[in-house]
Amino acid sequence: MKNSLTIFKKEIKEVIRNKNIWLPVLIVTIIFSIAMPAAMILGSNAILKDPDTVNFINRMFGDVDNPMRVLMDFMIKQLIIFLLMIPAMVPSLIAPASILMEKENNTLEPLLATPLKTPELLLGKAMTAFIPAFALSTISFLMLTLVVDVASYIKLGFAPLPTPEWLIVAFVLSPILSFILTMASVIVSSRSTDIRSAQGIGAVVIFPIYLIIGLQLAGFFMLNITYLLVGCLVLLAVCPLLLRLAVRIFDRENILTNWKMK
Amino acid sequence: MIKVANLTKRFKTVTAVEDISFNIGESEIFAFLGPNGAGKTTTIRMLSTLISPTSGQVTIDGKNPADDGDYIRSIIGLLTETPGMYEKISAYDNLDYYASFYDIPAQRRRHNIEKYLKMFDLWKRKDDPAGTYSKGMKQKLALSRALVHEPRILFLDEPTAGLDPESAHMVRQFIDSLKHENTTVFLSTHNLEEASGLSDRVCIIKKKIIRIASLAELQGSSKSKRMEIVFSDGASKFLTLLEKIKQVSSVEIRDNRAFLVVDEPHQSNPFIIRSLVEKGADILYVNEIKASLEEIYLGLIKDEETR
């Protein structure tokens with residue numbers, strides 16, 4: 001564990017110095033945690049005057065007493081899903097950069113010749129991708145809550161967050177997704193020599209996120225606790241498979257003889 | 001210190017190293033020579049526990065890499081053929097990072113980092129990112145990294161590649177000094193002069209071992225010897241006489257010198273010199289010209305190719 005922490009500390013210093021990693025994350029956080037919820041809540045009166053929005057509420061939820069409250073709940077569900085982009089994006093940016101830079105700089109072989117164990121190396125690399133992803137996504141969810149509750153309280157007189165769905169997405173689904181993306185990025189990076197193509201793994205996950213949002217907007221289904229828990233269980237089942245594959249890839253001989261090097 | 005018995009490594013259908021055996025003693029400098037693709041790097045990787053052999057045995061300090069890999073890695077230092085550094089972090093932090101994986105107290109670690117950075121004249125730039133270093137400086141930094149935990153066995157793959165003559169000389173002197181510190185050095189190099197100057201024994205490999213011997217043994221192994229005869233005046237008038245002597249397999253005349261390749265010189269030289277003196281030659285010197293390691297190496301590789 002000491003060796004994994006040494007790797008983690010060194011890698012995190014490099015991540016902080018690399019604005020190609022943290023700048024996109026910062027932009028996404030600002031858009032989905034602050035700008036979008038603030039704009040939606042502050043402009044909610046105008047939204048409710050739009051006949052299409054009223055029709056949409058009637059079609060989705062029937063005749064409701066408080067259309068503003070219903071609209072808020074619906075918008076929050078979309079925003080929570082949008083925020084899943086952060087736990088998906090951060091590991092897919094960090095892990096390939098971390099692994100491919102080792103390949104590019106020829107630093108892996110001397111590292112593997114030290115008494116460092118390969119699971120320690122994998123853990124160190126995984127922590128470098130997972131911990132920032134978990135921390136940043138938690139900060140984003142907390143920021144979203146703060147912005148939504150403050151803006152809603154000022155404008156509408158109530159604070160809608162946290163909801164049970166919010167808790168599940170922020171503290172169960174988000175870490176699971178970060179873990180999956182971390183392992184997938186490690187696996188993809190071992191077979192790649194190009195950082196950008198390896199980072200593309202994040203885009204593969206962003207597609208289902210958009211699909212869920214699209215299906216909700218089209219009225220095909222509405223995300224609830226049951227759907228979220230089933231989704232979490234399915235993703236959880238994938239975790240050990242990816243972990244096993246990543247451990248197999250992170251073997252001294254495999255790294256030196258089968259990994260694609262520059 | 002290192003025992004290798006019938007070691008073979010195959011990658012799918014390609015045999016990289018086939019049935020090699022040798023022993024290396026403590027404090028010995030063992031030079032490993034061979035053309036590109038001869039299996040030198042693969043052998044170093046097997047000995048440094050990075051890859052496992054297809055068959056055969058390796059013992060390092062009495063331990064088997066398969067069972068005691070962690071122990072072996074703790075007593076070896078490795079300078080790879082293309083040593084890389086973390087370009088964005090300082091030279092000092094690079095060494096500190098690698099050294100932290102060994103079980104050495106922090107104070108000793110700091111002392112060693114300072115010692116080697118000063119030894120290789122890098123101390124003044126210790127806080128500069130490694131990416132700003134020249135190729136030679138990076139090579140010296142990589143050598144410092146291989147040494148920072150004071151290994152008992154050092155694997156060096158082309159240690160002076162990319163170094164200026166002064167730095168290369170410094171590195172060679174340092175490698176030579178390791179003998180007195182009980183460090184065993186496994187030196188893979190293309191620089192034959194370096195190998196002949198530093199090593200106790202030389203191993204010539206081309207997938208299989210072609211020859212293992214000390215330089216003196218290699219030089220003494222040939223039945224033919226190169227001789228130089230220095231005359232007081234022009235040597236060309238003795239060319240015909242020398243060509244007629246059956247023990248002389250070749251003659252080359254340059255001014256007042258004749259260069260001969262002589263079979264069985266202990267028996268032939270008195271006859272050759274007597275014949276020359278009888279024909280009126282004033283001989284100033286007769287010297288044996290020892291074959292260089294380069295000549296021996298090229299000869300052995302050529303023999304292997306024609307076999």
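Everything numeric in this text was worked out from a predicted model, so none of it was measured.

Colleague: Describe the overall build of chain A, listing the residues and the values that go with them.
Modeller: The secondary structure content of chain A amounts to 13 helices and 0 strands. Traced from its N-terminal end to its C-terminal end, chain A shows the element sequence α-α-α-α-α-α-α-α-α-α-α-α-α. Dimensions of chain A, computed from C-alpha atoms along their principal axes, come out at roughly 70 × 30 × 30 Å. A separation threshold of at least 6 residues defines the contact pool for chain A, and within that pool the share at least 24 residues apart is 82%. Summed over its atoms, the accessible surface of chain A is roughly 11900 Å², and 70% of this surface lies on carbon and sulfur atoms. Of the charged side chains in chain A, 21 are positive and 16 negative; the average position of the first set lies 7 Å away from that of the second.

Colleague: Please set out the packing of helix α3 (residues 91–99) of chain B against helix α4 (residues 106–119) of chain B residue by residue, giving values where relevant.
Modeller: All names here are of chain B. Running from N to C, α3 and α4 point in directions that differ by 135°, and their axes come no closer than 10 Å. The angle between α3 and α4 places the two elements in the oblique class. Every pair of crossing elements has a handedness; the one defined by α3 and α4 is right-handed. On the side of α3, the interface is formed by Y92, L95, D96 and A99, while α4 contributes R109, R110, I113 and L117. Per-class residue counts for the contact of α3 with α4 are 5 nonpolar, no polar and 3 charged.

Colleague: Talk me through the packing of aromatic side chains; I want residue IDs and the actual numbers.
Modeller: To describe a pair of aromatic rings, one takes the distance between the centres and the angle between the planes. Residue and element names in this part refer to chain B. On inspection of all chains with the given rule, the structure shows 18 aromatic pairs over all chains. Taking the centre distance of 5.7 Å and the plane angle of 75° together, the rings of Y97 and Y98 count as edge-to-face. Taken individually, Y97 and Y98 each receive the classification buried, so the pair is uniform in this respect. Here F155 and F186 contribute two aromatic rings whose centre-to-centre distance is 5.5 Å and whose plane-to-plane angle is 50°, an arrangement assigned as tilted.

Colleague: How would you explain the interface of chain B and chain A if you had to name every residue and give the values?
Modeller: Of the residues lining the interface, 27 residues belong to chain B; the matching set on chain A comes to 24 residues. Contact between chain B and chain A buries roughly 2500 Å² in total, counting both sides, with carbon and sulfur atoms accounting for 58%. Area buried by chain B at its contact with chain A is led by B:L50, B:Y86 and B:F101, which between them contribute 26% of it. Note that A:K117 is salt-bridged to B:D70, the shortest N-O span being 2.9 Å. The interface formed by chain B and chain A includes 8 residue pairs in polar contact (both at pLDDT 80 or more). If you list the elements that add at least two residues to the side of chain B that touches chain A, you get β1 (2–11), α2 (65–75), β5 (76–79) and α3 of chain B.

Colleague: For a positive patch on the surface, give the residues involved together with the corresponding values.
Modeller: On the surface, A:K2, A:K9, A:K13 and A:R17 cluster together to form a positively charged patch. Within the fold, A:K9 resides in helix α1 (residues 2–17).

Colleague: Explain the sheet that holds β1(B) to me, using residue names and the numbers behind them.
Modeller: Residues and elements named next belong to chain B. Strand order in the open sheet formed by 3 strands is β2-β1-β4, and the pairing between neighbours is antiparallel. Of all the strands in the sheet, just β2 (14–24) and β4 (55–60) have a single pairing partner and so form its edges. Taking the axes of each pair of neighbouring strands and ignoring which way they run, one obtains an average angle of 20° across the sheet.

Colleague: Residue-level account of the layout of surface pockets, with values.
Modeller: All names here are of chain A. In this model, the largest pocket occupies a volume close to 510 Å³. Taken together, 28 residues line the largest pocket, and the ones lying closest to its centre are N18, I21, A97, M101 and I195. The element contributing the most residues to the lining of the largest pocket is helix α6 (residues 85–104), with 7 residues. A class-by-class count of the residues in the lining of the largest pocket yields 9 nonpolar, 7 polar and 12 charged.

Colleague: A description of the pairing of strand β12 (residues 257–263) of chain B should follow, citing residues and the corresponding values.
Modeller: Residues and elements named next belong to chain B. In terms of strand pairing, strand β11 (residues 248–254) meets β12 through 6 bridges, oriented antiparallel. Its bridge partner lying in β12, I253 is registered against A258. Linking β11 to β12, which pair antiparallel, is a turn of 2 residues; within it D255 sits at a positive phi near 50°.

Colleague: With reference to specific residues and values, describe the sheet that holds strand β9 (residues 208–213) of chain B.
Modeller: All names here are of chain B. Taken in spatial order, the 6 strands line up as β5-β6-β7-β3-β8-β9 in an open sheet, and their pairing is mixed. Each edge of the open sheet is held by one strand with a lone partner, namely β5 and β9. Across the sheet, the mean angle from the axis of one strand to that of its neighbour is 15°, orientation sign disregarded. Pairing of strand β6 (residues 153–157) with strand β7 (residues 184–188) involves 5 bridges; the strand directions are parallel. In the strand pairing of β7, L154 is matched with V185. Contacts between helix α1 (residues 40–47) and the sheet are confined to β3 (29–33), β5, β6, β7 and β8 (201–206), with β7 contributing the most and set at about 155° to the helix.

Colleague: Requested: an account of the domain arrangement of chain B, with residues and values cited.
Modeller: If you check the domain split of chain B, you get domain 1 (2–218) and domain 2 (223–290). Spacing between the C-alpha centres of domain 1 of chain B and domain 2 of chain B amounts to 45 Å.

Colleague: Can you break down α4(B) residue by residue, with the values?
Modeller: All names here are of chain B. Compared with the 20 Å implied by 1.5 Å per residue over 14 residues, the 20 Å span of α4 between its first and last C-alpha is a close match. Listing the buried residues of α4 in full gives R109, N112, I113, Y116 and L117. Down the axis of α4, the buried set is contained in an arc of 125°. They therefore lie on one face. Count one or two residues on from α4 and you reach D121, which has phi positive near 60°.

Colleague: Just give me the short version of the packing of helix α2 (residues 19–42) of chain A against helix α8 (residues 118–156) of chain A, but keep the residues and values in it.
Modeller: Residue and element names in this part refer to chain A. In contact at an axis separation of 9 Å, α2 and α8 are set at 15° when each is read in the N-to-C sense. Taken together, the axes of α2 and α8 lie roughly parallel to each other. Two packed elements cross with a definite hand, and for α2 against α8 that hand is right-handed. Residues V25, T29, F32, S33, I34, P37, A38, I41 and L42 of α2 touch α8, and the partners they reach there are L136, S140, M143, L144, V147, V148, A151, S152, K155 and L156. In terms of residue class, the contact of α2 with α8 is made up of 14 nonpolar, 4 polar and 1 charged.

Parameters at a glance
- Residues numbered from 1 in each chain as written.
- Chains lettered and ligands numbered in written order.
- Predicted model: local features only at pLDDT ≥ 70, side-chain atom pairs only at ≥ 80, totals over all residues.
- Heavy atoms only, no water.
- Helix = DSSP H or I, 4+ residues; strand = E, 2+ residues; numbered from the N terminus.
- Contact = heavy atoms within 4.5 Å.
- Areas by Shrake-Rupley, 256 points an atom, 1.4 Å probe, with all protein chains shown as cover.
- Lys, Arg positive; Asp, Glu negative; His and termini not counted.
- Charge placed at Lys NZ, Arg CZ, Asp CG, Glu CD.
- Axes fitted to C-alpha atoms, helices over the stretch in contact; angles between N-to-C directions.
- Parallel < 35°, antiparallel > 145°, perpendicular 65-115°, else oblique.
- Left-handed = near helix turned anticlockwise from the far one by under 90°.
- Nonpolar A, V, L, I, M, F, W, Y, C, P; charged D, E, K, R; others polar.
- Phe/Tyr/Trp six-rings, centres within 6.5 Å; stacked < 30°, edge-to-face > 60°.
- Buried < 20%, exposed > 50% of the residue type's maximum accessible area, 1.4 Å probe, protein only.
- Buried area = accessible area lost by both parts, 1.4 Å probe.
- Salt bridge = Lys/Arg side-chain N within 4 Å of Asp/Glu carboxyl O.
- Polar contact = N/O pair within 3.5 Å; in protein donor to acceptor, adjacent residues only side chain to side chain.
- Patch = residues over 30% accessible without salt bridge, like charges linked within 9 Å, V, L, I, M, F, W, Y side chains within 5 Å.
- Pairing = 2+ DSSP bridges.
- 1 Å grid on protein atoms, 1.4 Å probe; cavity = no way out; pocket = protein on both sides within 12 Å on 5 of 7 lines; lining within 4 Å.
- Points joined across faces, edges and corners; volume = space filled by probe spheres on them.
- Domains from an automatic or database assignment.
- Expected span 1.5 Å × (residues − 1).
- Arc of directions from axis to C-beta.

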